[in-house]
Amino acid sequence: MQEGQYEITVPVIADRCLQALVLGALEPEWEARFGARSYGFRPGRGCHDAIVAIHTTAKGKNAKRLWVIDADLKAAFDRIDHAGLLASLGTFPGKGMIAGWLKAGVIEKGWFTPTVEGTPQGGVLSPLMANVVLHRLDREWQQRYQRLGVIVRYADDLCICCPTEQRAQAALVVLRELLGGLGLALSGPKTQIVSVASGENGFDFLGFHHRMVASRRHPSHRYPACWPSAKAMDRARSRIRDSTRRSRRHIPTHLLVSELNQFLRGWRQYFRYGNSTRCFAKLDRYVDERMALLLSKRHGRRGRGHGLKLIIGSGNRLGLERLAGTVVFKRTVHATQ
């Protein structure tokens with residue numbers, strides 16, 4: 001099996017129950033150890049907390065860190081060293097069971113392959129195990145390299161906000177060394193150093209595109225902003241297009257609307273925090289266009305004109321969820337700790 005191609009592991013119910021018990025025993029201890037800027041798969045923390053942390057770190061009250069290392073780890077969950085992970089757990093009495101789960105193996109196309117590294121993706125305990133390993137990176141950085149920049153990490157996605165280009169270059173070298181000590185590596189093509197000070201460049205992190213933008217009232221002043229990335233927008237349009245493809249024109253309208261609304265509500269809930277107004281308006285128009293085309297096809301009409309009349313004439317866009325007008329910006333105490 002090639003690197004990074006492990007199948008999702010689905011433990012049997014008995015193992016899921018045992019893993020949940022082990023998680024309940026380990027999590028309080030490790031929550032007390034984890035750093036303040038680690039956000040992935042932790043109680044009371046989430047993606048939006050990490051995003052706010054990047055913005056407050058990049059342009060804080062006392063310092064600006066506008067050189068950003070956008071780091072992408074290469075198959076992190078698949079490359080975690082078992083011996084190092086188990087050593088980090090110290091004298092925890094359930095290490096034997098954890099070792100067994102780590103080495104459970106996978107079956108692909110009828111062939112069993114033992115797992116000599118990595119954590120089972122899909123296991124209840126796997127996110128915590130990944131955080132335990134990457135906590136060694138957080139701790140080492142906090143103790144020795146914090147002057148180079150501030151790490152903001154969500155599981156295996158991380159950014160480092162640095163004050164100068166020189167420190168960003170030095171931080172990247174150190175990051176590669178520290179990850180090498182954990183048996184991990186950066187993805188060369190996807191890892192980059194970006195200067196965000198001018199507002200001409202940005203970077204993608206956790207589905208959002210982050211960039212400094214000029215204030216409307218004070219054009220000389222720039223502030224950190226974020227909105228759905230180009231990839232996130234493409235995926236959303238692909239999902240909407242798939243739900244409204246021509247072959248589905250015979251499905252009742254209320255069922256199509258219900259299916260679209262389920263997706264739109266989830267997408268809105270995640271991306272409403274930030275500066276997503278324009279992106280939301282674009283997707284609203286795209287939903288109207290796709291539904292109009294489908295309705296026109298259903299009635300044997302060309303183009304979208306007939307479908308748009310039906311949508312407008314319904315008085316409520318057929319009950320479709322609207323994205324525009326729902327944007328807020330979430331503040332969190334974790335981001336400033």
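As a starting point, this report considers the structure included with it. (Residues numbered from 1 in each chain as written. Predicted model: local features only at pLDDT ≥ 70, side-chain atom pairs only at ≥ 80, totals over all residues. Heavy atoms only, no water.)

What to know about the nonpolar core
So, point 1. Counting residues in hydrophobic clusters, the biggest one holds 45 residues, and the most contacted among them are Phe203, Phe205, Ile240 and Trp267.
So, point 2. At the level of elements, helix H2 (47-58), strand S4 (150-154), strand S5 (157-162), strand S7 (202-205), strand S8 (208-214), helix H8 (230-243), helix H9 (253-271) and helix H10 (277-298) are the ones that each hand at least two residues to this core.
So, point 3. For this core, the leading source of residues is H10, giving nine residues.
So, point 4. Ignoring sequence-local partners within four residues, the contact set of Phe205 consists of Ala50, Ile54, Val152, Tyr154, Asp157, Leu158, Cys159 and His210. (Core = buried A, V, L, I, M, F, W, Y, C linked by side-chain atoms within 4.5 Å. Buried < 20%, exposed > 50% of the residue type's maximum accessible area, 1.4 Å probe, protein only. Helix = DSSP H or I, 4+ residues; strand = E, 2+ residues; numbered from the N terminus. Contact = heavy atoms within 4.5 Å.)

Quick notes on the pattern of salt bridges
So, point 1. Per the counting criterion, the structure on display carries 11 salt bridges.
So, point 2. Glu31 serves as the salt-bridge partner of Arg42, at 3.0 Å between the closest nitrogen and oxygen. Here Arg42 is found in the loop between helix H1 (13-31) and H2, whereas its partner Glu31 is found in helix H1, with 11 residues between them in sequence.
So, point 3. A relative accessible area of 7% places Arg42 in the buried class.
So, point 4. Among the ionic pairs, Arg317 bridges to Asp288, the shortest N-O distance being 2.7 Å. Note that Arg317 is positioned in the segment after helix H11 (305-313) and Asp288 in helix H10, a separation of 29 residues in sequence. Both residues of the pair, Arg317 and Asp288, belong to the buried class. (Salt bridge = Lys/Arg side-chain N within 4 Å of Asp/Glu carboxyl O.)

Let's talk about the sheet that holds S8
So, point 1. Strand order in this open sheet of three strands is S7-S8-S9, and the pairing throughout is antiparallel. Every other strand in the sheet has two partners, leaving S7 and strand S9 (222-228) as the edge strands with one partner each. Averaged over neighbouring strand pairs, the angle between their axes works out to 30 degrees when direction is ignored.
So, point 2. As paired elements, S8 and S9 share seven bridges and run antiparallel to each other. Note that in S9 the partner of Arg211 across the bridge is Ala225. (Pairing = 2+ DSSP bridges. Axes fitted to C-alpha atoms, helices over the stretch in contact; angles between N-to-C directions.)

A few points about the sheet that holds strand S6 (residues 192-195)
So, point 1. As summarised here, the arrangement of the four strands in space is S4-S5-S1-S6, forming an open sheet in which the pairing is antiparallel. Looking at strand neighbours, the two that pair on one side only are S4 and S6, the edges of this open sheet. Each adjacent strand pair in this sheet contributes to an overall mean axis angle of 20 degrees, direction not counted.
So, point 2. Bridge analysis of strand S1 (residues 67-72) against S6 gives four bridges, and the strand direction is antiparallel. Among the inter-strand pairings, Ile69 is bridged to a residue of S6, identified as Ile193.
So, point 3. Sheet strands touched by helix H7 (residues 165-181): S1, S5 and S6. Its angle to S1, the strand with the most contacts, is close to 20 degrees.

Some thoughts on the pairing of S1
So, point 1. With six bridges connecting them, S1 and S5 associate as antiparallel partners. Residue Trp67 lies in a different strand from S5, and its bridge partner there is Cys162.

Considerations on the packing of helix H6 (residues 126-145) against H7
So, point 1. The interhelical angle for the contact between H6 and H7, taken along N-to-C directions, is 140 degrees, at an axis separation of 10 Å. By the criterion of interaxial angle, the relationship of H6 to H7 is oblique. Crossing handedness for the pair H6 and H7: right-handed. The residues of H7 that touch H6, namely those facing Arg136, Leu137, Glu140, Trp141 and Tyr145, are Ala171, Val174, Leu175, Leu178, Leu179 and Gly181.
So, point 2. Residue composition of the contact of H6 with H7, by class: eight nonpolar, one polar and two charged. (Parallel < 35°, antiparallel > 145°, perpendicular 65-115°, else oblique. Left-handed = near helix turned anticlockwise from the far one by under 90°. Nonpolar A, V, L, I, M, F, W, Y, C, P; charged D, E, K, R; others polar.)

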